[in-house]
Amino acid sequence: MSCKISVLRSLTLLSLVICSSAAQAIDLKWVGCGITRNAFMADLSAAYMAKYNHNITIEGGGATKGIRSVAAKQADIGGACRYKLNTAREETATRMVPVAWDALVAIVHNDNPVDSISLANLRDLYLGKITNWSQLGGESAPLELLIRRGKISGVGRSLRNYLFDDLDLEFNSKHLYKSSGPLEKAVEKNINAISVTGVASAYKRDFKILKLEGLDPSFDNIKTGNYFLYRPLFLTYNRSAENGKQADHFIKFALGPEGRNIIRRNKVVPYFDGMLLIQNRLKEWNSFRNQALEQAN
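Residues numbered from 1 in each chain as written. Predicted model: local features only at pLDDT ≥ 70, side-chain atom pairs only at ≥ 80, totals over all residues. Heavy atoms only, no water.

Quick look at the confidence of the model for the protein
For step 1, the next point in the chain: Overall, the predicted model of the protein reaches an average pLDDT of 87, with 85% of residues at or above 70.
For step 2, the next point in the chain: When pLDDT is averaged over each helix and strand of the protein, the minimum, 45, is found for helix 1 (residues 2-24) and the maximum, 98, for strand 9 (residues 208-209).
For step 3, the next point in the chain: Contacts for the low-pLDDT stretch residues 10-23, under 50 throughout, to residues beyond four places or in other chains number one contact. (pLDDT = per-residue confidence, 0-100. Helix = DSSP H or I, 4+ residues; strand = E, 2+ residues; numbered from the N terminus. Contact = heavy atoms within 4.5 Å.)

Shown next, in the form of structure tokens:
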């Protein structure tokens, strides 16, 4: 009799544990930067769900959405490939955590014969001084520069900062796209197109990634700072949101050994793997920008 009671107690306890685990399962919502989403979010969220039984739905929408939706508590976690805007009140509540390094890369159609571009040519491209592929060593054909709409997208803001030191500069192009996904797909189909996107996302697409100053945006070149155009990728959360603690737990998972391995497997440099690259390139960047500004004047 006592044996039966013991078994019943054990089954009851097991049932309570199972019910408790099910009750603790949380559905989280991630929105934001398409580059971060395409790079590693699917694998990170799948691994997190398998380990902790918390589902994460993933939506794109851009870096601004990844910051402001989290601040407004419309999403639990966000992805951003730019810093917060100090002048934007709608971004102040968002906490930004860098988890990886991304490189900005020039991309063209696979059949385009051009293989490399210089920083000076990239700068002239956005100023509208290069309008034909023959100016870049290609065939004589009209060049179509595809850009993100607005001035605060992750890629657009980074280019304005790195190449021009002017966050209000108007890029010279009529080919505007709302987000990185449609822009990247357009490059896959248009042999005359050129654009810039994040290499973390570009690896998942079917187009050619150009060398910059003769350098490939390889894992090692980004990690060491040998490649020129790089910026952090952030995961964002709001500490005061209902699921703020769980969002923080996911970000710590992304920063931990398992998360970093997942990021590496996606050919992306984890943030702590490349801590020295800013120091390695700061002097070179200041020199390049000063030279470019002198040439412009």
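Back to the write-up after that little detour.
Quick look at helix 5 (residues 154-164)
For step 1, the next point in the chain: Judged by how many residues are buried, helix 5 sits mostly within the fold: nine of eleven residues are covered.
For step 2, the next point in the chain: All of the buried residues along helix 5 are G154, V155, G156, S158, L159, R160, Y162, L163 and F164.
For step 3, the next point in the chain: D165 lies just past helix 5 and shows a positive phi near 55°. (Buried < 20%, exposed > 50% of the residue type's maximum accessible area, 1.4 Å probe, protein only.)

Quick word on the pattern of salt bridges
For step 1, the next point in the chain: The tally for this structure, following the rule as stated, stands at twelve salt bridges.
For step 2, the next point in the chain: Across the salt bridge formed by K65 and E59, the nearest N and O atoms sit 3.9 Å from each other.
For step 3, the next point in the chain: Taking relative accessible area as the criterion, K65 reaches 33% and is therefore assigned partly exposed.
For step 4, the next point in the chain: Between R231 and D102 there is a salt bridge, with its nearest N and O atoms 3.0 Å apart. Of this pair, R231 sits in strand 11 (residues 230-237) while D102 sits in strand 4 (residues 95-108), placing them 129 residues apart in sequence. Summarising the burial analysis for this pair, R231 and D102 share the class buried.
For step 5, the next point in the chain: Three or more residues joined by partner-sharing salt bridges are found here, namely R68, R82, E90 and E91. (Salt bridge = Lys/Arg side-chain N within 4 Å of Asp/Glu carboxyl O.)

Some words on the pairing of strand 2 (residues 55-61)
Each regular strand shows side chains that alternate between the opposite faces of the sheet.
For step 1, the next point in the chain: Where strand 1 (residues 27-32) and strand 2 come together, five bridges link them in parallel fashion. Across the sheet, G32 pairs through a bridge with G61, a residue of strand 2.
For step 2, the next point in the chain: Each parallel crossover has a hand, and the one from strand 1 via helix 2 (residues 34-52) to strand 2 is right-handed. (Pairing = 2+ DSSP bridges. Right-handed = clockwise from strand over helix to strand, strands pointing away.)

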